[in-house]
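Coordinate analysis (summary)
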Amino acid sequence: MTRQVTALITAGAVAFSLASCGSEPSKPRLDGPLEALRASLPLRVKLETAPRPVPGRSYRLATVRPGRTIALHESPGGRVLDRVGARTEFGSMRVFWIERRRGGWLGAPVPELPGGELAWIRNDAQTLALSQTRFWITADVSERRLELHYGDRVLDRFPVSVGSPGSPTPLGDYAITDGLVGKGLGPWYGCCVLALSGHQPNLPAGWIGGNRMAIHGTPGTVGGANSHGCLRASDPDMISLFARVPLGTPVFIRA
């Protein structure tokens, strides 16, 4: 898991704007590597970062190789929607959750498409490195609860805040695209942020921030329905989650 955590923790200065989250939009910057955050993790978190293999689900991931550019198609062999490189807009390694396979094509949820639609990528070993993870996340909006799974095991379960009635958290299947330190992003994001491939289509009137969904920390209380669509967790729970899941981890949000 060390390699996966390292892949998730991205250094560099990047701009970050989310439809979070009940706060004023800003243009923060990432200060640097997250080694200090990793070093500060509680002992129990460090011991749990590499659970033993267990039966159950696993999910295919595809990482764009350094220096490569790939085309996102609307269907296998269909029209090219966009071309993307090995880094996301926030500077993370670009890792896809492969939700479907069709012949030599891979279908993945991407932030370039709204509403959780799949983009199709040609399965080319020269441009993509394939791997898998047993981690997956479920969030129950009605119960305001998030669970971290590893195969058939539930590793963690904790309360979260969800979207308000006017800006509900969109349901669907998403993937983690970026992991960012909260310091420098403003006080509203707590310790850290896991950006998702999904978007919030029901932003409040006058909102001028971004529309990307995320799971992030908060300096306030959790368990309410008062965000602009993101899932907010306490900083201790968020640190534990951040330390374990790799980029590309699937996130299933249900009611």
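Just above, that's the structure.
Rules behind the numbers
Residues numbered from 1 in each chain as written. Predicted model: local features only at pLDDT ≥ 70, side-chain atom pairs only at ≥ 80, totals over all residues. Heavy atoms only, no water. Helix = DSSP H or I, 4+ residues; strand = E, 2+ residues; numbered from the N terminus. Buried < 20%, exposed > 50% of the residue type's maximum accessible area, 1.4 Å probe, protein only. Contact = heavy atoms within 4.5 Å. Areas by Shrake-Rupley, 256 points an atom, 1.4 Å probe, with all protein chains shown as cover. Disulfide = S-S within 2.5 Å. Pairing = 2+ DSSP bridges. Axes fitted to C-alpha atoms, helices over the stretch in contact; angles between N-to-C directions. Polar contact = N/O pair within 3.5 Å; in protein donor to acceptor, adjacent residues only side chain to side chain. Phe/Tyr/Trp six-rings, centres within 6.5 Å; stacked < 30°, edge-to-face > 60°. Lys NZ or Arg CZ within 6 Å of the ring centre and 35° of its normal. Core = buried A, V, L, I, M, F, W, Y, C linked by side-chain atoms within 4.5 Å.

Of regular secondary structure, the protein chain possesses four helices and 18 strands. Here the protein chain holds 255 residues, and the buried ones make up 54% of them. Considering only contacts within the protein chain whose residues lie at least 6 apart along the sequence, 66% involve residues at least 24 apart. Approximately 11200 Å² of the protein chain is accessible, and the part contributed by carbon and sulfur atoms is 50%.

In protein chemistry, a disulfide is the covalent bond that joins the sulfur atoms of two cysteines. Under the criterion given, the structure shown has one disulfide. Between the sulfur of C191 and that of C192 lies a disulfide, 2.5 Å long from S to S. Where C191 bonds to C192 through sulfur, the torsion about that S-S bond is close to -45 degrees, and the disulfide is left-handed. A single burial state applies to C191 and to C192, both of which are buried.

In space, the three strands of this open sheet follow the order β4-β1-β8, with antiparallel pairing throughout. Each having just a single partner strand, β4 (95–97) and β8 (128–133) make up the two edges of the open sheet. On average, adjacent strands in this sheet sit at an angle of 30 degrees to one another, irrespective of strand direction. In terms of strand pairing, strand β1 (residues 59–64) meets β8 through six bridges, oriented antiparallel. Each residue of the ladder has a partner; that of R60, found in β8, is Q132.

Let's shift gears to unusual backbone geometry. A positive phi angle, close to 55 degrees, is found at R144, a residue other than glycine. With respect to the helices and strands, the residue R144 is situated in the loop between β9 (135–140) and β10 (145–150).

It is worth spelling out the side chain of Q200 at this point. As for its position among the elements, Q200 is in the loop between β14 (192–199) and β15 (212–216). Look at Q200 and you get buried, because its relative accessible area is 3%. Of the polar contacts made by the side chain of Q200, one reaches the backbone oxygen of S167; its length is 3.4 Å. Among the polar contacts made by the side chain of Q200, one reaches the main-chain carbonyl oxygen of H228 at a distance of 2.8 Å.

Under the defined criterion, the tally for this structure stands at seven aromatic pairs. Relative to Y189, the ring of W188 has its centre 6.2 Å away and its plane inclined at 85 degrees; by these criteria the two rings are edge-to-face. Residue W188 is classed as partly exposed on the basis of its relative accessible area of 30%. R57 extends its terminal NZ or CZ atom over the ring of W136, reaching a point 4.0 Å from the ring centre.

With that settled, consider the sheet that holds strand β17 (residues 231–232). Read from one edge to the other, the open sheet built from eight strands follows the order β11-β10-β9-β18-β13-β14-β15-β17, with strand pairing classed as mixed. Only two strands of the sheet have a single neighbouring strand rather than two, namely β11 (153–159) and β17. Across the sheet, helix α4 (residues 235–244) is in contact with β9, β10, β11, β13 (172–181), β14 and β15; its angle to β14 comes to roughly 70 degrees.

Right, let's talk about the nonpolar core for a bit. Membership of the largest hydrophobic core comes to 37 residues, with the highest contact counts inside it found for I215, L241 and I253. If we skip the residues at most four places from it in the chain, L241 touches I137, L146, L148, F158, L194 and I215. Core analysis: the next-biggest nonpolar cluster, separate from the first, contains 15 residues, I70, A86, F96 and V110 among them.

So, about the environment of L180. Considering the arrangement of structural elements, one finds L180 in strand β13. Among the residues examined, L180 registers a relative accessible area of 1% and is labelled buried. Note: C-alpha distance between L180 and C191 (eleven residues apart in sequence) is 8.9 Å.

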